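Chain by chain, the residues run as shown.
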Amino acid sequence: HDITPHQLPIEKSQSGDSTETGKTSGGGGDDASMDTSSSAHQSLASRLELEEMRYEVEEECRLPELRRAALSAEEAVENVANSLLSVLSNLDTTGRSARLAAETCFVSAGNAQADCLRSIVETERAVLTERMKQLDELERITQTIDVRADINHF
């Protein structure tokens, strides 16, 4: 199906007259109105023919099938993308939960160690306080020693 020049669409000239490619409207009366009517009819016919040719080419190339396949693939990709976003969201939530649990364990372990150290310091303080009492008692006793009186007493 070759397109001939008389089948091309009508172009508008700058003066507003309709002209068909390869033809000009002549001057005067009924010829001009018939020429315009004929040109419009030819333009419509050529557009319909072009549309029909386009449809035939699309059918030969199986474009409707390809369009359906592309739309189906687009829907599948969209579904997979939504699933991936959901998985990533769950993974992020799981990661945050795991991090929070790990931080809680570290804080708990740190607090237990600090409590243990406080307990050791308190126990050592109690032992040292008892030892100081014994030293004070020993010092008081040693202050009261009178060697001369002990020899005389012996």
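Residues numbered from 1 in each chain as written. Predicted model: local features only at pLDDT ≥ 70, side-chain atom pairs only at ≥ 80, totals over all residues. Heavy atoms only, no water.

How would you summarise the overall build of the protein if you had to cite specific residues and measurements?
Check the secondary structure of the protein and you find 3 helices and 2 strands. Reading the protein from its N terminus to its C terminus gives the helix and strand order β-β-α-α-α. Considering only intrachain contacts with a sequence separation of at least 6, the fraction spanning at least 24 residues in the protein is 33%. Accessible surface, the protein as shown: approximately 13,300 Å² in total, 58% of it carbon and sulfur. (Helix = DSSP H or I, 4+ residues; strand = E, 2+ residues; numbered from the N terminus. Contact = heavy atoms within 4.5 Å. Areas by Shrake-Rupley, 256 points an atom, 1.4 Å probe, with all protein chains shown as cover.)

Kindly report on the pattern of salt bridges, identifying the contributing residues and their values.
Taken as a whole and judged by the stated rule, the model has 8 salt bridges. Across the salt bridge formed by R54 and E51, the nearest N and O atoms sit 2.6 Å from each other. In this pair, R54 and E51 are both assigned in helix α1 (residues 29-60), 3 residues apart and thus about one turn of the helix distant. By relative accessible area, which is 43% here, R54 ends up partly exposed. Given a relative accessible area of 41%, E51 falls into the partly exposed group. Where E65 meets R62, a salt bridge forms, and the shortest distance between an N and an O atom there is 3.3 Å. (Salt bridge = Lys/Arg side-chain N within 4 Å of Asp/Glu carboxyl O. Buried < 20%, exposed > 50% of the residue type's maximum accessible area, 1.4 Å probe, protein only.)

Before we move on, could you go through the side chain of S46 and cite the residues and values that matter?
Following the sequence through the fold, S46 ends up in helix α1. At 2.8 Å, the side chain of S46 forms a polar contact with the backbone oxygen of S43. (Polar contact = N/O pair within 3.5 Å; in protein donor to acceptor, adjacent residues only side chain to side chain.)

Can you explain the confidence of the model for the protein? Please cite residues and give values.
Across the protein, pLDDT averages 81, with 77% of residues at or above 70. Here strand β2 (residues 18-19) stands out as the element of the protein with the lowest mean pLDDT, 44, in contrast to helix α2 (residues 63-143), whose mean of 93 is the highest. Segment residues 1-29: pLDDT under 50, and 41 contacts once partners within four positions in sequence are set aside and those in other chains are kept. (pLDDT = per-residue confidence, 0-100.)

An account of a nonpolar patch on the surface is requested, with residue identities and associated values reported.
On the surface, a nonpolar cluster with roughly 410 Å² of combined accessible area is contributed by L84, L85, L88 and L91. Looking at where L88 falls in the secondary structure, it is placed in helix α2. (Patch = residues over 30% accessible without salt bridge, like charges linked within 9 Å, V, L, I, M, F, W, Y side chains within 5 Å.)

Kindly report on unusual backbone geometry, identifying the contributing residues and their values.
One non-glycine residue, R62, lies in the positive phi region at around 60 degrees. Note that R62 resides in the loop between α1 and α2.

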